[in-house]
Amino acid sequence: MKWLTVILTLALGLPFFPQFSLAYDFVQVSGEGEIKAKPDFILVNATVYSRAQTAKEAQKINTKEMARIDKLLKQDFKVEAKDIQTSSFQVQPQYEYGKDKPIYKGINVQHALRIKFRKVDEVGNLLDRLVEVQNQEGFGVRVDELVFGTDQSKAYEVQALELAMNEAKARAQVLAKASGRTLSTVRKVSDSQISEIQIRPMRSMGKMAMDMASETAPTQVSPGEISVRAQVSVEYEIK
């Protein structure tokens, strides 16, 4: 009887089923890839500020200066409306603190903008024009920060990942060969992308306006390069 033969075979521990080795040796390696590129836009973080005795008056001054900035960006530098964004808006009373009670000094209005400027070579001229009017009637523009970026970051990440995988495979092949083994298939892959964007803080640009006005040459800004990096960790089977 066939079913009895099967039972006896299992009971005696005989190799009724074919035997396969499911244990594989493996090597774990890491790789890194890097792509460098020139930025194709600059994020200009600027703040239009104004001060007056009342909120209504301060806001009126701020609105007038915002109109100048809007015209400057759209007409003179051809910045599209979609590339101009309000990042914050604040209305705050100002006090002077001494030994006695605080003294009211007026109302500060700050309208912060994030400008995506695509004419990288003209950013120095833009900065000069933004801050050319300062401390007149209690208002002006302060440039807080420049952030260099690229619209091709996703494509650069893919290229960096390819380089990282190639480096990981090369390392694994060296280790396998050194141990007298042969590299086989990939068991596991994990990745993490790090996009490094060059940042240049531009502090107190409003206070620098008088110095800029006395110079004939425009402000010089060096965009440098953007570095996009990718790291991978890979496990390979080895035979």
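Criteria and thresholds
- Residues numbered from 1 in each chain as written.
- Predicted model: local features only at pLDDT ≥ 70, side-chain atom pairs only at ≥ 80, totals over all residues.
- Heavy atoms only, no water.
- Helix = DSSP H or I, 4+ residues; strand = E, 2+ residues; numbered from the N terminus.
- Buried < 20%, exposed > 50% of the residue type's maximum accessible area, 1.4 Å probe, protein only.
- Contact = heavy atoms within 4.5 Å.
- Areas by Shrake-Rupley, 256 points an atom, 1.4 Å probe, with all protein chains shown as cover.
- Axes fitted to C-alpha atoms, helices over the stretch in contact; angles between N-to-C directions.
- Parallel < 35°, antiparallel > 145°, perpendicular 65-115°, else oblique.
- Left-handed = near helix turned anticlockwise from the far one by under 90°.
- Salt bridge = Lys/Arg side-chain N within 4 Å of Asp/Glu carboxyl O.
- Phe/Tyr/Trp six-rings, centres within 6.5 Å; stacked < 30°, edge-to-face > 60°.
- Lys NZ or Arg CZ within 6 Å of the ring centre and 35° of its normal.

Student: Just give me the short version of the overall build of the protein chain, but keep the residues and values in it.
Tutor: Scanning the protein chain from terminus to terminus reveals 5 helices and 8 strands. Counting helices and strands in the order they occur from the N terminus, the protein chain gives α-β-β-α-β-β-α-β-α-β-β-α-β. Burial statistics for the protein chain: of 239 residues in total, 34% are counted as buried. Sequence-distant contacts in the protein chain: of pairs separated by 6 or more residues, those separated by 24 or more amount to 83%. For the protein chain, the exposed surface amounts to about 15500 Å²; the carbon and sulfur share of it is 53%.

Student: Tell me about helix 3 (residues 123–130), and please be specific about residues and values.
Tutor: Judged by how many residues are buried, helix 3 sits mostly within the fold: 6 of 8 residues are covered. All of the buried residues along helix 3 are Val123, Gly124, Leu126, Leu127, Asp128 and Leu130.

Student: Let's hear about the packing of helix 2 (residues 55–76) against helix 3: which residues, and what values?
Tutor: The relative placement of two packed helices comes down to the angle between their axes together with the axis-to-axis distance. Look at helix 2 against helix 3: their axes get within 11 Å of each other, and the N-to-C directions meet at 155°. When the interaxial angle is binned, helix 2 and helix 3 end up roughly antiparallel. In the packing of helix 2 onto helix 3, the handedness of the crossing is right-handed. The segment helix 2 lies against helix 3, with Arg68, Ile69, Leu72, Leu73 and Asp76 engaging Leu126, Arg129 and Leu130.

Student: Before we move on, could you go through the pattern of salt bridges and cite the residues and values that matter?
Tutor: A side chain of one charge can pair with a side chain of the opposite charge when the charged atoms of the two come close. For the structure shown, the criterion picks out 15 salt bridges. When the shortest N-O distance is used, the salt bridge between Arg142 and Asp144 registers 2.7 Å. Residue Asp144 is classed as partly exposed on the basis of its relative accessible area of 29%. Between Glu235 and Arg187 there is a salt bridge whose closest N-O contact spans 3.4 Å. Of this pair, Glu235 sits in strand 8 (residues 226–238) while Arg187 sits in strand 6 (residues 183–196), and the two are 48 residues apart along the sequence. Residue classification places Glu235 among the buried residues on the basis of a relative accessible area of 13%.

Student: Describe the packing of aromatic side chains, with residues and values.
Tutor: Tallying each qualifying case throughout the model produces 3 aromatic pairs. Aromatic side chains Phe77 and Phe117 sit 5.8 Å apart centroid to centroid with 75° between the ring planes, which places their arrangement in the edge-to-face category. Remark: Phe117 occurs in strand 4 (residues 103–117) and Phe77 occurs in the loop between helix 2 and strand 3 (84–96); sequence separation between them is 40 residues. Relative accessible area serves as the criterion here: at 1%, Phe117 is assigned to the buried category. Relative to Tyr104, the ring of Tyr95 lies with its centre 5.8 Å away and its plane at 70°, an arrangement referred to as edge-to-face. For Tyr104, a relative accessible area of 36% translates into the label partly exposed. Linked through ring pairs, Tyr95, Tyr97 and Tyr104 together constitute an aromatic cluster. We note Lys116 situated over the ring of Phe41; from NZ or CZ to the ring centre the distance is 4.4 Å. For Arg187, the ring lying beneath its charged end belongs to Phe26, and the centroid distance is 4.2 Å.

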